[in-house]
Amino acid sequence: MPTNASAAAHALTDVTASDSTLRRFLHGLPGVDAVGLEGRAASLGTRSIKTTAKAYAIDLAISMVDLTTLEGADTPGKVRALGAKAVHPDPTDRTTPATAAVCVYPDMVATAKEAVAGSTVKVASVATAFPAGRAPLTVKLADVREAVAAGADEIDMVIDRGAFLAGNYMKVYDEIVAVKEACGTSARLKVIFETGELSTYDNIRRASWLGMLAGADFIKTSTGKVAVNATPANTLLMLEAVRDFRTQTGIQVGVKPAGGIRTTKDAIKFLVLVNETAGEDWLDNHWFRFGASSLLNDLLMQRQKLATGRYSGPDYVTVD
């Protein structure tokens, strides 16, 4: 199955030929029925999950977490501790799956890489002047190259929301293509839209297709640094986009909701969205992730409750 920007360009050659053709394509996408979208997301969120299925869902959700620390006060010690937690989320129960990745700033990549060495845990790095994305392209690309050189397995970039909202779609497209090239063959690219700043569902649908056309390996809702981050509705819309994109091109793209997903109940709702919208092919951490910091602790406590029949004390999990 093709998985890169050149394959997507071949499948939809005329779409990205010029700014006008790209604009025509993006504005020709079907308009989003906001009421219908939100109603479907709410309806899927009411599905009842039984005990055996819940145990499976919790372990699956743990394996999909990008355990994240993106603070100015991050220290090597904090990143090392986070890496250890990602590898063994519950040191008292080694049957607990590892998380998918640890997500850090570029200057912490080498430390994180060392902390998870020998495990399946990936190191993801935010780059491209995260979270605002307000920097020259040369600076953004240098940010990416340094993170990749330090060992990043994944790059989480932010799009230029100002350019997108101004309708300068080709600028956004060209930047994603350039960042994808800077990732080389060793790092997968997640493209962050900051959906809370895109104002409309139509814009989120357009951004999703724009990111995929430019070669994104994942499309991601948010930085977690604004008031509105991942919601069931905006994630459902992005899941529809990756499903439809694969139907048209044969290329599968992942989805990562980030920010505001804090409880096991929330995580399971999102897994139901994935299964019912995109399908089982996306129920794997190669194709679906949770960007989170506090979610893992709740998943661990709910996991222990299923195993023992009682809730743990507040000191059962580490404070990140």
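Rules used throughout
- Residues numbered from 1 in each chain as written.
- Predicted model: local features only at pLDDT ≥ 70, side-chain atom pairs only at ≥ 80, totals over all residues.
- Heavy atoms only, no water.
- Helix = DSSP H or I, 4+ residues; strand = E, 2+ residues; numbered from the N terminus.
- Buried < 20%, exposed > 50% of the residue type's maximum accessible area, 1.4 Å probe, protein only.
- Expected span 1.5 Å × (residues − 1).
- Contact = heavy atoms within 4.5 Å.
- Salt bridge = Lys/Arg side-chain N within 4 Å of Asp/Glu carboxyl O.

Enquirer: Outline unusual backbone geometry, supporting the account with residue identities and numerical values.
Expert: A cis amide bond links phenylalanine 130 to the next residue, proline 131, at an omega of 0 degrees. Here proline 131 shows up in the loop between β3 (122-126) and α7 (137-149). Even without a glycine there, the phi angle at alanine 129 is positive, about 60 degrees. Examined against the element boundaries, alanine 129 turns out to sit in the loop between β3 and α7. In this structure alanine 129 comes out as partly exposed when scored by relative accessible area, which is 25%. Phi at glutamate 194 is positive, roughly 55 degrees, even though this residue is not glycine. Among the secondary structure elements, glutamate 194 is positioned in the loop between β5 (188-192) and α10 (201-213).

Enquirer: Provide a residue-level description of helix α13 (residues 295-308), including the pertinent values.
Expert: Spanning 14 residues, α13 covers 20 Å between terminal C-alpha atoms, matching the ideal 20 Å at 1.5 Å per step. Taken as a whole, α13 has its buried residues at Leu295, Leu296, Asn297, Asp298, Leu299, Leu300, Gln302, Arg303 and Gln304. Buried residues along α13 sit against α4 (51-63), β1 (65-68), α5 (76-87), α12 (264-277) and β8 (290-292). Once α13 ends, the next one or two residues include glycine 309, with phi positive near 85 degrees.

Enquirer: Which residues make up the pattern of salt bridges, and what values go with them?
Expert: Within the structure shown, the criterion is met by 23 salt bridges. Glutamate 154 is paired through a salt bridge with arginine 289; the nearest N and O atoms lie 2.7 Å apart. Of the two residues, glutamate 154 is situated in strand β4 (residues 154-158) and arginine 289 in the loop between α12 and β8; the sequence distance between them amounts to 135 residues. Taking the relative accessible area as the measure of exposure, arginine 289 reaches 3% and is therefore buried. A salt bridge links lysine 220 to aspartate 156; the shortest N-O distance between them is 2.8 Å. Of the two residues, lysine 220 sits in strand β6 (residues 218-220) while aspartate 156 sits in strand β4, which places them 64 residues apart along the sequence. Residue classification places lysine 220 among the buried residues on the basis of a relative accessible area of 3%. On the accessibility criterion, aspartate 156 (0% relative accessible area) is buried.

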